[in-house]
Structure formats: C-alpha cells, structure tokens
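So the chains spell out like this:
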Amino acid sequence: MVSTKKIGLISNWGGNIGHELITIGVEVASMEAFKDSKVEFVNIERHYRPFNIYPAYNPVRLMNLMPWGWGSFLKIVVNNPALSRFLSHFVSSRVPKLDIAIACGGPVITLKASQSPEICLMFNHFLECFKYNGVKVLNLGVGSCYPIENIPQKVLEIEDIRYLTRMFAACENITVRDVSAMNLCKSMNGHYQLIPCPSVLSGIRFESEVLKMRKNDKDSFIVLNILSKGANEDWGQNVDPEAWFSICRELTQRLLLHRHKIKFVCHSDSEYCLAEKINSVVPRFRPRTVQEYFRVIAGAKVGLCNRIHAAMPLASIGIPSVGVGTDTRLKTLETIGLPTFYVKEVNVDLLEERIEHLVKRRTTEAERLKNLRDSALQQYVKLLRTIN
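The sections below set out a description of the structure shown in this document. Note that the structure is a prediction, hence the values are computed from the model and not measured. (Residues numbered from 1 in each chain as written. Predicted model: local features only at pLDDT ≥ 70, side-chain atom pairs only at ≥ 80, totals over all residues. Heavy atoms only, no water.)

### Looking at the overall build of the chain
- Per the secondary structure count, the chain includes 14 helices and 12 strands.
- The C-alpha radius of gyration of the chain comes to 21 Å, within 12% of the 21 Å expected for a compact globule of 388 residues.
- Seen through its principal axes, the chain has C-alpha atoms that stretch 65 × 55 × 40 Å.
- By residue count, 55% of the 388 residues in the chain fall in the buried class.
- For the chain, the exposed area adds up to about 17,000 Å²; of that, 52% sits on carbon and sulfur atoms. (Helix = DSSP H or I, 4+ residues; strand = E, 2+ residues; numbered from the N terminus. Rg over C-alpha atoms; globule rule 2.2 N^0.38 Å. Buried < 20%, exposed > 50% of the residue type's maximum accessible area, 1.4 Å probe, protein only. Areas by Shrake-Rupley, 256 points an atom, 1.4 Å probe, with all protein chains shown as cover.)

Given below as structure tokens:
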C-alpha cells in the first residue's frame, strides 16, 4: 500500500508571482524526494491570512482583519514566546496531521526585521505553532536583504538576534540562498547549507511546454524587467530614478538598433506603465499566473532583471540574465553564477556589453544553468529525505 505524505506549504499566495515560483520549486523537490509516496500539499497562507491556522470559531482568527501595519501592540502580544506556546494548543486540527511544514523562503534576514510585528509573527509565532504540534518545520531558501552600501558581517541588533534565534529553534533544518544570509547565520552559530533558491527548480514543471513553444533562434528575444529605482526599494541610498530611466531607455534603443527583439515582462501594474514610458514600441506582458509567465518567457535568449524572481524563472529554463538592484537579494543570483550590479554603478555601455556577452554564450550558459538546477534539485531531495 502506498503511503501518504502530507506537506504544508507555508507561502504567500495571491501576491507577487515570485513567491509562487519559490513554492512551485519546493513542490518539485518534494515530489521527487517522496516519489514513492502519495504526496498531498496543503497551502498555508502566512502573509495575508496567517491566522487561518486557527479554527473559524477562535477569536485569534479575527486578527486576519488587521491590515499590515495595524494592531501592532496586539500582534506583539500574540508573538510573546509563552503566549505562542499556549495558543499552539488551539490551532486547526489540520495542523497536527501534517508530516512536514515547509516555509518557502524569502528575504527573512533583514535589517531591523524584529521591528515588524508581522514578520515576527510569520517566522516566530507561526512556525512555532507547527513545531509545538509535533510537525517538523523546514525553512528553505532563506535570503538576506541589506543595502549594498551597508552589508553587515554579523547581526548587530539585539532584537534581530532574538527574532532569528527563535526562528532557528522552530526549524528542523534551514537552507540559505545567498552568501550574506549564510555568513549572518554563522555569526549566530547557525550553520546552514547554501543551495540556490528553490525557484530555480520551477522551470522543471513547465519544461516540456517551454520546449514546444520555442521557435527558431531568429525569433528569440531579450527580456527586460525594470523597476523605477532598479529595485523595490533604494534603502536610503539616494538612487536617482531618472538616471536609471535614462539608462534603460537608451539601452532599449541600442538593442533594437542591433536588431534584437525585446519584451518587457512585468510583475506589477506600475512596472507595466513604466515599461511603456521607457519604450512604447516594445511589447509589454503582465502574466497573472506562473503557467502564463513561462509561456511569455519561453522564447527568451537572455534577460536584464531588477527583480531576482524575474531572473530565476529564466535561469530555471536555461536562460541567463544580468541582475541589477540595490540590496543583497542580488546575491541570490550570484549563487547561480549570474552577473549582478549595483544600480548606481551601471551605465549603458556596461549593460549592453554584458547582455551581448551572454547572447554569445547562451548555449554554454543554458547547459551550465540546467546542470546547476539539476544539482540543486538533488541537494533539496537529499535534505528532504532526512526528515522522517
């Protein structure tokens, strides 16, 4: 008789598509690790409705009605270690039935993360609710997010240390996706394996469809994913949006002049509007589902990406890209050998040269990235199989 493995996927649903790419990567690894079992996934929202882990009649569940940034005092109270342990006895009956709960990555190690009650709830109270009910918790793809101009060698804030220590204690195992995250964990005696972000596995699910959609090389295109400051935030580093806009506009014109086809791939409505301002002639796409996303990027040859989770799905199907940003999330791309640059240090010539270099090497890069992806899959599979 085939055994059943129930896996809780702790992620953000219905928000940025990048979170779904990470979750799909975790699903791919889990299906491979437990291929001799019937795997059942239970989606668990940690961002928009985290208190759904409690039954409908439990008053704690009313805290779902508090938007991000509201009810901070009450959220801090609920996150108290003693109260978290007490409340864990009243979670939904589906929680103890899980074999494993997997937190699907993200930039968990950030400056003054402990000052956000919501982040503390997600990675302290929330994970402890599973641990105290006998469910083994994994946190896969933990990343860092610190300004490029101020990257610490160790965690300095006392409250941040407490927040991270609780997270470490709640987890059976953790993997990190970038060198900064690994070093910061080490500074707190947390020695965790560096493996590429699980999103690098997402393309495995869609690979056969992607191969069918790929046309002749002459129809291939360059993906541009552009944010106004070169990232979600500039973290007080005084990034000049107009300077970055001018670089993107001139770069687009040069690439078109050199007869490259281009597509803007946008993760938000604001990116979609920005793309039109950069160049109204270039086609724009705003995929709403992961499947649609892979259909859009299937024929790409290289990319220029501000979002790391625009570069990661490309890499997952063997397409290299250049990453430009403002913080250590870029190091997630460095883990898979992609070139990255701080937005304040780039110019049109540099980006054009790096893109053309990748275009020339795209066959070699495709093979390298697929080999790296397959290696990452085996690393995750090995780790998952250690959880009994």
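### Some words on the packing of aromatic side chains
- Taken as a whole, this structure holds five aromatic pairs when the rule is applied.
- Geometrically, the ring pair formed by Phe126 and Phe130 is edge-to-face, given 5.7 Å between the ring centres and 85 degrees between the ring planes. Residue Phe126 and its partner Phe130 are located together in helix 4 (residues 117-131), separated by four residues, close to a single helical turn. Each member of the pair, Phe126 as well as Phe130, carries the same accessibility label: buried.
- Positioned above the aromatic ring of Phe34, the side-chain terminus of Lys5 is 4.8 Å from the ring centre.
- Of note, Lys263 hangs over the ring of Phe221, and the distance from its end group to the ring centre comes to 4.1 Å. (Phe/Tyr/Trp six-rings, centres within 6.5 Å; stacked < 30°, edge-to-face > 60°. Lys NZ or Arg CZ within 6 Å of the ring centre and 35° of its normal.)

### So, the nonpolar core
- Judged by nonpolar contacts, the single largest core of 53 residues is most densely connected at Ile102, Leu138, Leu201, Phe294 and Ile297.
- Aside from chain neighbours lying at most four places away, what touches Leu138 is Ile100, Ala101, Ile102, Ala103, Glu172, Asn173, Leu383, Leu384 and Ile387.
- Among the nonpolar cores identified, the runner-up in size contains 44 residues, and Phe51, Met63, Ala103 and Val142 belong to it. (Core = buried A, V, L, I, M, F, W, Y, C linked by side-chain atoms within 4.5 Å. Contact = heavy atoms within 4.5 Å.)

### Thoughts on unusual backbone geometry
- Phi is positive for Lys112, which is not a glycine, with a value near 55 degrees.
- Positionally, Lys112 belongs in the loop between strand 3 (100-110) and helix 4.
- Judged by relative accessible area, Lys112 falls into the partly exposed class, the value being 38%.

### Some remarks on the sheet that holds strand 11 (residues 321-325)
- The sheet built from six strands is open, its strands ordered 9-8-7-10-11-12 with parallel pairing. Where the open sheet ends on each side, the last strands, each with one partner, are strand 9 (284-285) and strand 12 (340-342).
- Across four bridges, the pairing between strand 7 (residues 221-225) and strand 8 (residues 261-265) is parallel. Counterpart to Phe221 in the pairing with strand 8 is Lys261.
- Packed onto the sheet, helix 8 (residues 241-257) meets strand 7, strand 8, strand 10 (300-305) and strand 11 and runs at close to 145 degrees relative to strand 8. (Pairing = 2+ DSSP bridges. Axes fitted to C-alpha atoms, helices over the stretch in contact; angles between N-to-C directions.)

### Remarks on the pairing of strand 8
- Chirality of the crossover, the property in question, places the unit of strand 7, helix 8 and strand 8 among those that are right-handed.
- As paired strands, strand 8 and strand 9 are joined by two bridges and run parallel to one another. From the neighbouring strand, Val265 faces strand 9, where its bridge partner is Phe285. (Right-handed = clockwise from strand over helix to strand, strands pointing away.)

### Here we look at the sheet that holds strand 6 (residues 193-194)
- Spatially, the six strands line up as an open sheet ordered 2-1-3-4-5-6, and their pairing is parallel. Since the sheet does not close on itself, it has two edges, and those belong to strand 2 (38-45) and strand 6, each with one partner.
- Of the strands in this sheet, strand 3, strand 4 (136-145) and strand 5 (173-176) are in contact with helix 5 (residues 158-170), which crosses strand 3 at around 160 degrees.

### Topic: a nonpolar patch on the surface
- On the surface, a nonpolar cluster with roughly 290 Å² of combined accessible area is contributed by Phe73, Leu74 and Val77.
- Position of Leu74 among the secondary structure elements: in helix 2 (residues 72-78). (Patch = residues over 30% accessible without salt bridge, like charges linked within 9 Å, V, L, I, M, F, W, Y side chains within 5 Å. Salt bridge = Lys/Arg side-chain N within 4 Å of Asp/Glu carboxyl O.)

### Thoughts on the packing of helix 10 (residues 290-297) against helix 11 (residues 308-316)
- The interhelical angle for the contact between helix 10 and helix 11, taken along N-to-C directions, is 70 degrees, at an axis separation of 11 Å. Taken as axis vectors, helix 10 and helix 11 run roughly perpendicular relative to one another. Every residue of helix 11 that contacts helix 10 at Tyr293, Phe294 and Ile297 is listed here: His309, Ala310, Pro313, Leu314 and Ser316.
- Residue composition of the contact of helix 10 with helix 11, by class: six nonpolar, two polar and no charged. (Parallel < 35°, antiparallel > 145°, perpendicular 65-115°, else oblique. Nonpolar A, V, L, I, M, F, W, Y, C, P; charged D, E, K, R; others polar.)

### What about the packing of helix 8 against helix 9 (residues 269-278)?
- Where helix 8 contacts helix 9, the two axes come as close as 9 Å, and the packing angle between them is 60 degrees. One finds that helix 8 runs oblique with respect to helix 9. Residues Phe245, Cys248, Arg249 and Thr252 of helix 8 form the contact with helix 9, whose own contacting residues are Leu274, Lys277 and Ile278.
- When its residues are assigned to classes, the contact of helix 8 with helix 9 shows four nonpolar, one polar and two charged.

### Description of the pattern of salt bridges
- This model, assessed by the stated rule, comprises 23 salt bridges.
- In this structure, Arg284 and Glu276 form a salt bridge, with 3.8 Å as the shortest nitrogen-oxygen distance.
- With relative accessibility at 23%, the residue Arg284 sits in the partly exposed group.
- The partly exposed category is assigned to Glu276, whose relative accessible area is 42%.
- As a salt-bridge pair, Glu334 and Lys331 come within 3.8 Å of each other at their nearest N and O atoms. With Glu334 and Lys331 both in helix 12 (residues 331-334), this residue pair falls three residues apart, about one helical turn.
- Since its relative accessible area comes to 40%, Glu334 is described here as partly exposed.

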